[in-house]
Every structure is written in C-alpha cells, then in structure tokens.
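# Analysis of the macromolecular model
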Amino acid sequence: MTDVQTSLYEHLFALTTVMKQRVVENFDGDALDERWTTRNVAGAGTFAMSDNADEGFSITSGETTNNESRIDFNNIRQYDPVSSIALLILEALSNTSAVQYGGFAGNTTTFDGVEKALFCMDSANANSSLRTADASTSSETSSGVALNTNHNAVKVECGSSNIKLYLAGSLLVTKTTNRPTAKHQPCIGVKTTTGSGKALRTRYCEAYNV
Amino acid sequence: MWGTLLNPYRFAAAVEFDSLYQSKQALTTVQKQRFVEWFSGTALEAIWTTRNLAGVNTYSMADAVDEGFDITTAGGNADYAEIDFNDFRHYVETACICIFVGRRVGDNTGYFTGLTNDTSNNKFHTARYEDSSLTTNKSLGTVDGTAYSSTGSDVARDTAWTGVKIECGSANIKLYLAGVLKITKTTNRPAAKLQPFVSVFGNNASVAQGRTRYFEAYNT
C-alpha cells in the first residue's frame, strides 16, 4: 500500500477533514517572504537571508544592551493559544550575552512580556528553556539541555491544559503555569543582554492549529 | 485464538520520503505545475493580484484564529472583488485539480472560487465553487467560451468553512465537498488554460465578505 498522495492536503488530512490554519516557511531564496514583518523591538538590528549552506535566515540584534529584533506576522494572529503547534529549526550563533527564541507570541512586545509560548536560549541560564506568559506573568522552565550553537529542532505545543516543549522529538518540558490566553502568531527573535549584537538563524518554521 | 488474530496491516510503518517531490510522485515522473498557498501571515503573497472588477474593495489577512485571508466588498450592489494570478495561467483545463478551504462570511454575498482563464467580469472558461446567499445549495458553476451554467449540489449553502475539490478532466468537471463527490458536470466546460482565483460578489447594496485559508492547485 503506497503513501504517495497527489496533493499536499491529502498528505496531511483526508479530504473529509476541513484543514485549519497552517503555514510552512522554508526561509529560502533571496529575500524574506512577505508573510513576515521584521521588527526592531528595541535598537536597530539586521535581517538577511544567509548565503551559507543550510543557514536559512539570519536575525542580528542591535549593538546595545537590551536591543532586541524579531520577525513575526505583524499581529495577524491566526493561531489558537490552547490548540496550536509550532515547529522550528533555530540556531544561536553565540551563547553569550543573548537570548535567542522562537515560538508563539500574542503581541509584538519583548520576548519576556505577556502572552508568549517560546523556546528560549538565554545565556543567563545553563540550559535552554520553555518560557510562557499569560496576560500578566511570565515564567520559564528549564529543558535540561545545555545551550549550544547547533541547529535545534524545536516543537512548542500549546494545549488546553499545558504547554509542551520538545527538542529533537523528545518531550522535555510540560508546563501548566502562566499559559497564553490570547490568539497568537509565530515569532522568532534575538535580544542582546550585554554589549554587541547577537545572531540567530532559522531555516524552517511551521505553525498550525489542531 | 481468532479473537487475538491481528490485522497484519495494523502495524505497518508509515512511509517516509526523502523529499516532498517523492511524496507526490516517483522520481521517474516529471512533476507538473503545482503550488500551495497557506494564506497566513502579515500580507498576501506576491504571487496573487488583487482585482476590483466592480467597486473599491478591501483585501486583508484576517487577525483571527483560523480565518486566513479576507475579501470584503465596498458595499455597492454587484461589487465584485477577486484575487488571481494576473493571467499567468499554468493549469490545464482538461487535467488539473484544485483544493481549497473557504467560506462565505454572511448574507448578501456570493463566494466564488476555483480556476479561470478570464480575469474579467465575463469569466469565460471557468470552473468554480459557488456558495451564494441567493441560491439554496452550494453549486458548481462552469463557463465555456460563450455560456455559463450551474449545477446545484445537495448541500445547503452556509457560512461554515468548507473543504472543496474541483477536478477538471477531459470529459467532465467534478465537485467534491468534504471529500464526497457531489457533482459531475459535462456542460459548458472551460476550454482554455486556467489560473486559480478567489472572489466575492455583492448580491445587493450591502457589504459582502468571504475568507479563504488554503489553496492548492496542480496539473495531473
């Protein structure tokens, strides 16, 4: 029995299922797709496709402490905070004096603001983490996996009773506190915590409602 | 013993493919034209052209869960708004399929989506799904070089998200709703190359609105 399907739709669902919102981004080519908005939350970062094998798209935060830059959907928030999944490939080019992150955000504010569900690589910690925030409070839980400069395969799963973080397919965090309540959008970014600009690269993002 | 006999296919491993290409066809097959649109994010992809066939209408990504791309007319009677490929017509009228997820948002609206050769009001050479506040049931409308006709399904019009498949073959046009074949139509079939389109028509002097959150088309 073959699993070849003539349509992408039928690879994901039978035609009897009405597909919910979904997006797939490959971060390839000579420019960032128009679905994304580049955003300097603070300072003046840079955004560019990377001319290197397997290196996708690069975000570099500004040169000053607390400068932060990210890409998002400009508050076109089509994803359900209690029933959505984000899959990302994220690479921190440095584990010093920075926070690199990716996942879902309910607004266009800083990564540790309200309404978030983000995988974070924060140089203040030994390990990466799942950071979540409801309408008032943000908190994080360690993944137990040391910070690195590898390409990380990340899955953030927002459910009705918890938020889960998977790395390379392994469930590492199940978090029930401070969960987002508002509709959200994919979000990928980097913050300078001290000194010079820091870079993040991404080569894949897929988000969908379940 | 028989109670514990297992279906030998139950535990077949899922097939994995090295490429998206190979998930659609073997490498021995030369892939034909194909595209996928997710209608998600900041703005409509540049592959689409917005087109005011009548009225000055609005086109925007919807800031709402699961709501994709929004087309809203200006509110005049017979206002007509469309997105299409600006006459880049890559799809073969006798051998192509489109699959999309869309909906009419409210009353006073015709939501017409599918494949067309013609970006004018005439819509010659078209195969389209129709959900209109003026008709009882969802239907398949087709146009050849001169005439239009429509065949109704047994599914009542509604404002719910609907999964639609239109299959343009050499002898007929088929409409599937939620995976079920509803209409096989042989009359007034398009006879010229096609492009995807999504449109909203104002049935009277009120705002008309339609949304779409997925579109895939390919030659077969």
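Here goes a summary of the coordinates provided. (Residues numbered from 1 in each chain as written. Chains lettered and ligands numbered in written order. Predicted model: local features only at pLDDT ≥ 70, side-chain atom pairs only at ≥ 80, totals over all residues. Heavy atoms only, no water.)

### Let's talk about the pattern of salt bridges
- Scanning the entire structure with this criterion turns up 25 salt bridges over all chains.
- Notably, a salt bridge pairs A:Arg35 with A:Asp33, separated by 3.9 Å at the nearest N-O pair.
- Accessibility expressed as a relative area gives 6% for A:Arg35, which makes it buried.
- On the accessibility criterion, A:Asp33 (18% relative accessible area) is buried.
- The residue B:Lys182 makes a salt bridge to B:Asp154 at a minimum N-O spacing of 3.1 Å. On the criterion of sequence distance, the pair formed by B:Lys182 in strand 13 (residues 180-185) and B:Asp154 in strand 10 (residues 148-156) is long-range, its members being 28 residues apart.
- By relative accessible area, B:Asp154 is classed as exposed at 59%. (Salt bridge = Lys/Arg side-chain N within 4 Å of Asp/Glu carboxyl O. Buried < 20%, exposed > 50% of the residue type's maximum accessible area, 1.4 Å probe, protein only. Helix = DSSP H or I, 4+ residues; strand = E, 2+ residues; numbered from the N terminus.)

### Section: the layout of surface pockets
- Of the voids in this model, the largest pocket is the one considered here, and its volume is about 1100 Å³.
- A:Leu8, A:Val24, A:Asn26, B:Leu20 and B:Trp38 are the residues nearest the centre of the largest pocket, which is lined by 30 residues in total.
- Secondary structure elements with two or more residues in the lining of the largest pocket: helix 1 (8-12), strand 1 (22-25) and strand 15 (199-209) of chain A together with helix 1 (20-24) and strand 1 (34-37) of chain B.
- A class-by-class count of the residues in the lining of the largest pocket yields 13 nonpolar, 5 polar and 12 charged.
- In this structure, the second largest pocket spans a volume of roughly 170 Å³.
- Looking at the lining of the second largest pocket residue by residue, the classes come out as 3 nonpolar, 7 polar and 3 charged. (1 Å grid on protein atoms, 1.4 Å probe; cavity = no way out; pocket = protein on both sides within 12 Å on 5 of 7 lines; lining within 4 Å. Points joined across faces, edges and corners; volume = space filled by probe spheres on them. Nonpolar A, V, L, I, M, F, W, Y, C, P; charged D, E, K, R; others polar.)

### Description of the sheet that holds strand 10 of chain B
Residue and element names in this part refer to chain B.
- Taken together, the 7 strands give an open sheet; going across it, the order is 2-5-14-7-8-9-10, and neighbouring strands pair in antiparallel fashion. Of all strands in the sheet, those with a lone pairing partner are strand 2 (49-54) and strand 10, marking the two edges. With direction set aside, neighbouring strand axes in the sheet form an average angle of 20°. (Pairing = 2+ DSSP bridges. Axes fitted to C-alpha atoms, helices over the stretch in contact; angles between N-to-C directions.)

### Observations concerning empty space enclosed by the protein
- Counted by the stated rule, this structure contains 3 cavities of 30 Å³ or more.
- Taken as a whole, the largest cavity spans an internal volume of roughly 40 Å³.
- Lining the largest cavity, in full, are A:Tyr9, A:Leu15, A:Thr17, B:Ile99, B:Phe100, B:Gly163, B:Val164, B:Lys165, B:Tyr176, B:Ala178 and B:Gly179.
- Counting only elements with at least two residues in the lining of the largest cavity, the list comes to strand 6 (96-104) and strand 11 (162-168) of chain B.

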